[in-house]
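Remarks on the overall topology
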Amino acid sequence: MDAPEYLICIECETPCYDFEFKSGEVTDAICSICGNEETDQFLTETQYEELIG
């Protein structure tokens, strides 16, 4: 899987562009709005759309 253009922080639902993505996983990320740094709390656009239905 190629790295996405952005991830969505599920804490504040903001697109985030400051992240590292390796082997289909988020390895490092930070949300500039809420400060979230928990990598399991960031989703790709597709994952987010599946989550919210």
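Residues numbered from 1 in each chain as written. Predicted model: local features only at pLDDT ≥ 70, side-chain atom pairs only at ≥ 80, totals over all residues. Heavy atoms only, no water.

Comments concerning a negative patch on the surface
The test is simple: What makes a patch is a set of residues exposed beyond 30% relative accessible area and free of salt bridges, joined within 9 Å when like-charged and within 5 Å when nonpolar (Val, Leu, Ile, Met, Phe, Trp, Tyr). Throughout, the Shrake-Rupley method with a 1.4 Å probe supplies accessible areas, and for residues the shown protein chains are the sole cover considered. Take a side-chain nitrogen of Lys or Arg and a carboxyl oxygen of Asp or Glu: if they are within 4 Å of each other, that pair is a salt bridge. Think of it this way: Lys and Arg go in the positive column, Asp and Glu in the negative one, and His and the chain ends go nowhere. By convention, the charge on Lys lies at NZ, on Arg at CZ, on Asp at CG and on Glu at CD. Counting from the N terminus, the helices are the DSSP runs of H or I reaching at least four residues and the strands are the DSSP runs of E reaching at least two. Here's how the labels work: a residue is buried when its accessible area is under 20% of the maximum for its type, exposed when over 50%, partly exposed in between, all with a 1.4 Å probe on protein chains only.
Together, Glu11, Asp18, Glu20, Asp28, Glu37, Glu38 and Asp40 make up a region of like negative charge exposed at the surface. You can see aspartate 28 is positioned in strand E4 (residues 25-29). With a relative accessible area of 43%, aspartate 28 lands in the partly exposed category.

Focus on the nonpolar core
Rule in force here: We call a set of buried residues a nonpolar core when its members are Ala, Val, Leu, Ile, Met, Phe, Trp, Tyr or Cys and they connect through side-chain atoms within 4.5 Å of each other. By definition in these notes, contact holds between two residues if any of their heavy atoms fall within 4.5 Å.
Listed in full, the 9 residues of the largest apolar core are Leu7, Cys9, Cys16, Phe19, Phe21, Val26, Ala29, Cys31 and Phe42. Looking at this core, the elements that each hand over two or more residues are strand E1 (7-9), strand E3 (19-22) and E4. Not counting residues within four places of it along the chain, the set of residues in contact with valine 26 comprises Leu7, Glu20, Phe21, Thr39 and Phe42.

So, the pairing of E4
Note the threshold: Whether two strands pair comes down to DSSP finding at least two bridges between them.
As judged from the 4 bridges shared by E3 and E4, these two strands associate in the antiparallel manner. Of the residues in E4, the one forming a bridge with phenylalanine 21 is valine 26.

Regarding unusual backbone geometry
Phi at glutamate 13 takes a positive value of approximately 60°, unusual for a residue other than glycine. Position of glutamate 13 relative to the elements: it lies in the loop between E1 and strand E2 (14-16). With a relative accessible area of 54%, glutamate 13 lands in the exposed category. Unlike most non-glycine residues, serine 23 shows phi in positive territory, near 50°. With respect to the helices and strands, serine 23 occurs in the loop between E3 and E4. You can call serine 23 exposed: its relative accessible area is 79%.

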